[in-house]
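Report on the structure
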Amino acid sequence: MSTAAPRTAGPDHLWSVDEHLADILATVRPLEPIELQLLDAQGCVLVEDITVPVSLPPFDNSSMDGYAVRVADIAGASEQYPAALEVIGDVAAGQADLLHVGPGQAARIMTGAPLPPGAETVVPVEWTDGGLGEGPAAGMRARSLAPEGATGQVCVHRPAPARAHVRAKGSDVRAGDRALEAGTVLGPPQISLLAAIGRGTVRVRPRPRVVVLSTGSELVQPDEELRPGQIYDSNSFALTAAARDAGAIAYRVGAVADDAAALRDTIDDQLVRADLMVTTGGVSVGAYDVVKEALSYAADEDEPGSGVDFRRVAMQPGKPQGFGSIGPDHTPLLALPGNPVSSYVSFELFVRPAIRTLMGLGDVHRPRTRAKLTADRALTSPKGRRQFLRGRYADGAVTPVGGAGSHLVAALAQANALIVVPEDVESLAPGTEADVVLLG
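Residues numbered from 1 in each chain as written. Predicted model: local features only at pLDDT ≥ 70, side-chain atom pairs only at ≥ 80, totals over all residues. Heavy atoms only, no water.

**As for unusual backbone geometry**
Definition in use: Strands are runs of DSSP state E lasting at least two residues, helices are runs of H or I lasting at least four, and both sets are numbered from the N terminus onward. Only protein chains enter the accessibility calculation, which uses a 1.4 Å probe; a residue is then buried when its area is under 20% of its type maximum, exposed when over 50%, and partly exposed in between.
Residue Pro57 is reached from Leu56 by a cis peptide bond, and omega for that bond is -15 degrees. Relative to the elements of secondary structure, Pro57 occurs in the loop between strand 4 (50–51) and strand 5 (61–62). Cis rather than trans, the peptide bond between Gln316 and Pro317 has omega equal to -5 degrees. Tracing the backbone through its elements, the reader meets Pro317 in the loop between strand 20 (315–316) and strand 21 (320–326). Positive phi, normally seen in glycine, also occurs at Arg163, with a value near 65 degrees. Within the element layout of this structure, Arg163 appears in the loop between strand 10 (152–156) and strand 11 (166–167). Assessed through its relative accessible area of 39%, Arg163 is described here as partly exposed. Phi angles above zero are rare outside glycine, and Asp395 is one such case at about 55 degrees. Examined against the element boundaries, Asp395 turns out to sit in the loop between strand 25 (386–394) and strand 26 (397–400). For Asp395, a relative accessible area of 82% puts it in the exposed group.

**Digging into the sheet that holds strand 22 (residues 331–336)**
Going by this rule: Strands pair, by our definition, only if DSSP identifies at least two bridges between them.
Reading across from one edge, 1-19-21-22-18-14-17 is the order of the 7 strands in this open sheet, with mixed pairing throughout. Strands with a single pairing partner mark the edges of an open sheet, and in this sheet they are strand 1 (14–15) and strand 17 (249–256). Two elements, strand 19 (residues 307–313) and strand 21, share 6 bridges in a ladder whose sense is antiparallel. Note that in strand 21 the partner of Arg312 across the bridge is Pro320.

**Description of the sheet that holds strand 13 (residues 201–205)**
Strand pairing in a sheet takes place through backbone hydrogen bonds and is either antiparallel or parallel in direction. Strand order in this open sheet of 3 strands is 2-13-3, and the pairing throughout is antiparallel. Whereas interior strands pair on both sides, the edge strands pair on one side only; in this sheet they are strand 2 (34–37) and strand 3 (45–46). As defined by bridge partners, strand 2 adjoins strand 13 across 4 bridges and the pair is classed as antiparallel. Bridging across to strand 13, Gln37 finds its partner in Thr201.

**Describing the confidence of the model for the protein chain**
What counts here: How sure the predictor is of each residue is captured by pLDDT, a score from 0 to 100.
Confidence in the prediction for the protein chain averages 89 pLDDT; 90% of positions are at 70 or higher. The lowest-confidence element of the protein chain is helix 6 (residues 290–295), averaging 80 in pLDDT; the highest-confidence one is strand 2, averaging 98.

**Some words on the pattern of salt bridges**
As a reminder, the rule being used: The rule for a salt bridge is simple: a side-chain nitrogen of Lys or Arg has to be within 4 Å of a carboxyl oxygen of Asp or Glu.
Tallied over the full model, the rule gives 18 salt bridges. Across the salt bridge formed by Arg386 and Asp18, the nearest N and O atoms sit 3.1 Å from each other. Here Asp18 lies in helix 1 (residues 17–27) and Arg386 lies in strand 25, a separation of 368 residues in the sequence. A relative accessible area of 45% means that Asp18 is categorised as partly exposed.

**A closer look at the packing of aromatic side chains**
Where we set the bar: Any two of the Phe, Tyr and Trp rings considered here, Trp counted by its six-membered ring, make a pair once their centres fall within 6.5 Å; the pair's planes then place it as stacked at under 30 degrees, edge-to-face at over 60, or tilted in between. We call a charge positioned over a ring when the NZ of a Lys or the CZ of an Arg lies within 6 Å of the ring centre and within 35 degrees of the ring normal.
Counted by the stated rule, this structure contains 0 aromatic pairs. Over the ring of Trp15 we find Arg311; its NZ or CZ atom is 3.7 Å from the centre of that ring.

**A word on the packing of helix 1 against helix 7 (residues 340–359)**
Which entries qualify depends on this criterion: The axes used here are C-alpha line fits, helices contributing only the stretch in contact, and every angle between their N-to-C directions lies in the interval 0 to 180 degrees. Roughly parallel means an angle under 35 degrees; roughly antiparallel, over 145; roughly perpendicular, 65 to 115; everything else is oblique. It is the rotation of the near helix from the far one that decides the hand of a crossing: anticlockwise by less than a right angle makes it left-handed, clockwise makes it right-handed. Note on definitions: a residue-residue contact is assigned when non-hydrogen atoms from the two residues lie within 4.5 Å. Each residue is assigned to one class: nonpolar for Ala, Val, Leu, Ile, Met, Phe, Trp, Tyr, Cys and Pro, charged for Asp, Glu, Lys and Arg, and polar for all the others, Gly among them.
Axis separation between helix 1 and helix 7 bottoms out at 10 Å; the angle between their running directions is 25 degrees. One finds that helix 1 runs roughly parallel with respect to helix 7. By crossing handedness, the relation of helix 1 to helix 7 is classed as right-handed. The residues of helix 7 that touch helix 1, namely those facing Val17, His20, Leu21, Ile24 and Leu25, are Leu349, Phe350, Pro353, Ala354 and Thr357. Partitioning the contact of helix 1 with helix 7 into residue classes produces 8 nonpolar, 2 polar and no charged.

**Let's talk about the environment of Phe347**
Locating Phe347 in the fold gives a position in helix 7. Here Phe347 falls in the buried class, since its relative accessible area comes to 0%. Between the C-alpha atom of Phe347 and that of Thr280, which follows or precedes it by 67 residues, the distance is 9.8 Å. Setting aside chain neighbours within four positions, we find Phe347 in contact with Leu239, Ala242, Ala243, Leu336, Arg352, Pro353 and Ile355.

**A few points about a negative patch on the surface**
To keep it simple, the criterion reads: Only residues whose relative accessible area exceeds 30% and that take part in no salt bridge are eligible for patches, with like-charged residues grouped when within 9 Å of each other and nonpolar side chains (Val, Leu, Ile, Met, Phe, Trp, Tyr) grouped when within 5 Å. Accessible surface area values rest on a Shrake-Rupley calculation with a 1.4 Å probe, where residue burial reflects the displayed protein chains alone. Working convention for charge: Lys and Arg count positive, Asp and Glu count negative, and His plus the chain ends are omitted. A charge is said to be at NZ when it belongs to Lys, at CZ for Arg, at CG for Asp and at CD for Glu.
A cluster of acidic residues, Asp259, Asp265, Asp269 and Glu293, forms a negative patch at the surface. With respect to the helices and strands, the residue Asp259 is situated in the loop between strand 17 and helix 5 (260–270).

So, in structure tokens, the structure goes:
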């Protein structure tokens with residue numbers, strides 16, 4: 001949650017991208033840890049080291065369906081001169097009362113079953129006649145169909161060294177080992193490990209709840225009929241999906257009309273389920289930019305210390321930005337521009353790091369690299385602005401996709417990277433190296 005108020009500056013101050021991001025990350029704090037059931041903890045960040053209480057596997061067990069035998073009894077065995085052994089019974093997975101394998105004896109053993117006392121190795125059933133007195137067996141007959149298969153005689157056609165096809169106790173992890181470190185994001189493999197060592201709950205930072213809402217009387221929901229002057233609301237879908245991709249639990253709110261009172265009421269209603277709020281649209285200098293109208297308050301008597309600061313950031317696209325906190329819990333709010341590309345680029349640069357910070361992650365940024373620019377002509381950029389152009393990155397090279405317009409959604413859908421043109425660079429020639437933010 002937010003525990004410190006964002007910095008403010010004069011209305012003429014032009015914030016750099018780095019200043020704006022630093023202000024956000026200095027204000028947003030990781031969420032408090034909670035104890036969760038394993039499946040509820042998926043995608044969360046672990047806040048404690050996990051020590052293995054019991055070795056995996058906890059006992060020597062077979063990695064094959066076959067026969068548990070003594071090494072000396074099958075030495076020199078071949079199909080021409082098989083070793084004939086007495087089958088004394090079955091050893092199944094989960095079985096507690098184990099047979100004792102003595103000289104000249106064998107026990108049918110199933111995958112995962114404990115290696116019985118006296119046995120030194122396991123021969124796969126395919127190396128035997130399966131107790132049928134014929135050639136090599138393809139598999140075992142089900143016990144329910146042929147219970148007599150657990151006794152009688154089996155011919156082993158190949159020798160095996162000691163502990164062949166045996167999974168040793170502790171060969172995965174040993175009791176006392178550190179299974180997972182604090183800071184680990186819990187995915188399916190980590191949850192599998194936790195379950196395997198007997199942990200039913202873990203202490204984690206919860207996934208942040210992010211509420212996304214777009215503003216604009218011109219916005220219509222997909223599948224509805226478009227009337228003159230209307231467009232479909234794509235931003236709220238894009239940002240909700242992006243928030244989920246970043247690791248959040250995201251909620252999309254239907255577009256709010258250009259009415260400041262209605263917007264404030266909607267935001268107030270949504271605060272109960274928000275660790276972070278994101279709005280899109282209404283942050284520029286137009287007469288209908290209702291986000292600024294609804295949220296431009298330096299101090300609320302009922303909410304001391306809260307407020308949203310609207311600022312200009314030296315970037316393209318995405319110059320108008322808003323950041324602050326609202327409500328009794330000082331919930332962080334980021335107000336993004338309404339143009340689709342501006343909105344999405346702003347999310348990647350500012351909102352995604354905020355979400356990852358709430359999660360308690362150490363590295364909150366997208367990976368970056370250097371890539372050779374492949375283009376028909378030089379890329380131009382306004383002086384004093386850091387420009388982020390959509391690009392397609394592959395094999396150390398990046399190619400611009402679409403133009404610089406902040407409304408070009410189709411080009412955005414083809415991009416997997418952002419080409420970064422620094423503030424002091426006005427032209428980037430083909431063949432030169434550029435900084436690239438990798439989106440996928």
